[in-house]
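A structural walkthrough
This is what each chain is made of:
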Amino acid sequence: MTSESKGMRDSRMAVLAKNSSECPQGQASAGKCVPNDPRHSEGEVGHNARSGRKAQEGRVLESVSTKLQRITEMAKRDAGFVFTNLMHQIDEVFLWEAHRLIRKDGASGVDGETAEDYAKDLSGNIRRLHRRMRSGGYKAPPVKRAWVPKDDNELRPIGIPAFEDKIVQKSVAMVLGAIYEVDFLNCSHGFRPERSAHGALSALRQSCFDIDVTMLIDADIEGYFDAIDHEKLIEILSKRVKDGTLLRFIGKWLKAGVMENAQITYMETGTPQGGIISPLLANIYLHEVLDEWFEEEVRPVMYGRRFLIRYADDFVIGFANTQDAKRVMDVLGKRFSKYGLTIHPDKTRCLRFERPRGDDENRESFDFLGFTHYWGKSRKGNWIIKRRTGKKRQCRAIKRIRQWCKEHMHDPLVDQWKTLVSKLRGHYQYYGIIGNYKQMELYYGKVEQCWRGSLNRRNTMNLRSAQSFRDTILKRYPLPIPRIMKSV
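A short tour of the structure in this document, coming up. (Residues numbered from 1 in each chain as written. Predicted model: local features only at pLDDT ≥ 70, side-chain atom pairs only at ≥ 80, totals over all residues. Heavy atoms only, no water.)

1. Some remarks on the sheet that holds strand S9 (residues 366-368)
- An order of S9-S10-S11 is seen for the 3 strands of this open sheet, with the pairing classed as antiparallel. Every interior strand has two partners, whereas the edge strands, S9 and strand S11 (383-389), have only one. Strand after strand, the sheet turns through a mean of 40° between neighbouring axes, direction not considered.
- The sheet contact formed by S9 and strand S10 (residues 371-377) spans 3 bridges and is antiparallel. Counterpart to Phe-366 in the pairing with S10 is His-373. (Pairing = 2+ DSSP bridges. Helix = DSSP H or I, 4+ residues; strand = E, 2+ residues; numbered from the N terminus. Axes fitted to C-alpha atoms, helices over the stretch in contact; angles between N-to-C directions.)

Right, dumping it as structure tokens:
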């Protein structure tokens, strides 16, 4: 048992041990421990005390899963039920569970505190955190701004919360998730339990076959996470949650500000990407803006069959009827502008994506979740939807490998090998789907080439040819070859 888990157990047992192990003297009735009674041996006393603690724990400490299950059942029973008292569910035990679930290897926030620093007095930190939350003294710190590259050679801003703030965000996200997982529709796949990008890809492919798709709307929301309207978000949340304390916590995160270069900027719109609760809030917002609107207002007035597949802020709408696609395309921008969002005029398009007839080679493709989707022939000669790694994603991945090899060329060889193995396996885990082997093979070759080039620049090895590199380095430090990992 680690020191952290031991501290967690000890803090949970502190009150229980006091009540169950200290028994009044002079009571000798069955089932009660009497430490000073010579008729009770030391072993019996210890056994009874342990049994009492376990029984007391079962009666007093309600498990987090039980609380969340109760909330979910209430949400299922009545789709219009409004929750008014949720924050009292978040006690110290709940915070312990939230701490257990969050990642401990992430970057530190504005205060520089890491997971290891916080764990030095984990029990005391959790206790003080809960006290501040209950008294209204908790203040959400600003998030630290960082930048990551996008596919189009641009940079995407992300926010890194303080470690303690991650615990609070996770606890609130757990409560809200128990409610909204009941409300979310099947078309939504992003940042949800037991759902994934591969599930969205599989659903997209199957839906195209099911409705015999002819037209698609490939949409892009311009700067979605930075454009979410705070007032409208709280208004949407208030339809299901009217717990003033919980809504104030969300308001604190939305208005906490972003710190970059020692300066804090307060945003009037948006929720920082990188925050634990941000993906859930973004899903709730688009659930009303797009999912419910499409299901309740668009679907009933369509002439033909149609489908919507959404992963976070990326979505594709498919139609069997060409006229339906044009009608939705005409009103899509107006619908999003009502909520302060903008459909990107250059990246959003309505394209023909019907099954080719005969040997027709004039067909369009589109990108979704890092893959290019296109019609191609199977080994049996039938037209099927194939997927390959998107050109922008492939170029970005190769560029990152080249940069990493350049920056770490002087690291010990075994350390370079371990990192490259991890990067390749991660790449195969996502892009290793049926029909994409050639692109993975190309990526593997580029990784091998970049590694050989960086080692040559160390001026300590003579690896001029690819064959000499394979006979020396790769023979001792083999890189994993491409593998098909998913059938989607």
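After that view of the structure, there is still more to cover.
2. Focus: the packing of aromatic side chains
- For the structure shown, the criterion picks out 17 aromatic pairs.
- Both rings, one in Phe-209 and one in Trp-375, keep their centres 6.0 Å apart while their planes meet at 70°; by these two values the pair is edge-to-face. Taken as a pair, Phe-209 in helix H8 (residues 197-210) and Trp-375 in strand S10 lie far apart in primary sequence, 166 residues in all.
- Of the residues examined, Phe-209 reaches a relative accessible area of 22% and is grouped as partly exposed.
- Since its relative accessible area comes to 2%, Trp-375 is described here as buried.
- Seen from their ring centres, Phe-353 and Phe-366 are 5.1 Å apart, and the 80° between their planes marks the pair as edge-to-face. Linking Phe-353 in the loop between strand S8 (349-352) and S9 with Phe-366 in strand S9, this pair joins segments that are 13 residues apart in sequence. No difference in accessibility class separates Phe-353 from Phe-366, as the two residues are buried.
- Three or more aromatic residues joined by ring pairs form one cluster here, namely Phe-209, Phe-353, Phe-366 and Trp-375.
- For the cation-ring pair, Lys-252 lies above Phe-249, with the distance from its terminal atom to the ring centre recorded as 5.1 Å.
- The residue whose ring lies beneath Arg-388 is Tyr-374, and the NZ or CZ to ring-centre distance is 4.4 Å. (Phe/Tyr/Trp six-rings, centres within 6.5 Å; stacked < 30°, edge-to-face > 60°. Buried < 20%, exposed > 50% of the residue type's maximum accessible area, 1.4 Å probe, protein only. Lys NZ or Arg CZ within 6 Å of the ring centre and 35° of its normal.)

3. Here's the deal with the nonpolar core
- Membership of the largest hydrophobic core comes to 78 residues, with the highest contact counts inside it found for Phe-315 and Phe-336.
- Setting aside residues up to four positions removed in sequence, Phe-336 forms contacts with Ile-221, Leu-286, Val-289, Leu-290, Phe-315, Leu-341 and Ile-343.
- If you look at the next biggest cluster of nonpolar residues, it comprises 48 residues, including Trp-383, Ile-401, Leu-420 and Trp-451. (Core = buried A, V, L, I, M, F, W, Y, C linked by side-chain atoms within 4.5 Å. Contact = heavy atoms within 4.5 Å.)

4. Observations concerning helix H4 (residues 92-101)
- Counting buried residues in H4 gives 7 out of 10 residues, a clear majority hidden from the surface.
- Every buried residue of H4 is accounted for by Val-93, Phe-94, Leu-95, Trp-96, Glu-97, Ala-98 and His-99.

5. Quick look at the side chain of Glu-288
- Within the fold, Glu-288 resides in helix H12 (residues 278-298).
- Setting aside residues no more than four positions away along its own chain, Glu-288 makes contact with Ile-236, Lys-239, Trp-293, Arg-335 and Tyr-339.

6. Focus: the sheet that holds strand S2 (residues 155-160)
- Taking strand neighbours across the sheet as the criterion, the 4 strands line up as S2-S1-S4-S5 in an open arrangement whose pairing is mixed. Looking at the sheet topology across the chains shown, the edges are occupied by S2 and strand S5 (263-265). Each neighbouring strand pair of the sheet contributes to a mean axis angle of 45°, computed without reference to strand direction.
- Taken together, the 6 bridges between strand S1 (residues 143-149) and S2 define a ladder with antiparallel strand orientation. Each residue of the ladder has a partner; that of Lys-144, found in S2, is Ile-160.

7. Quick look at the packing of helix H3 (residues 64-77) against helix H7 (residues 163-183)
- Close contact between H3 and H7 brings their axes to 8 Å; oriented N to C, the two are set at 35°. Where H3 crosses over H7, the two elements pack in a sense that is right-handed. Contacts between H3 and H7 involve Val-64, Leu-68, Ile-71, Thr-72, Ala-75 and Lys-76 on the former and, on the latter, Met-174, Val-175, Ala-178, Ile-179 and Val-182.
- Along the lines of polarity and charge, the residues of the contact of H3 with H7 split into 9 nonpolar, 1 polar and 1 charged. (Left-handed = near helix turned anticlockwise from the far one by under 90°. Nonpolar A, V, L, I, M, F, W, Y, C, P; charged D, E, K, R; others polar.)

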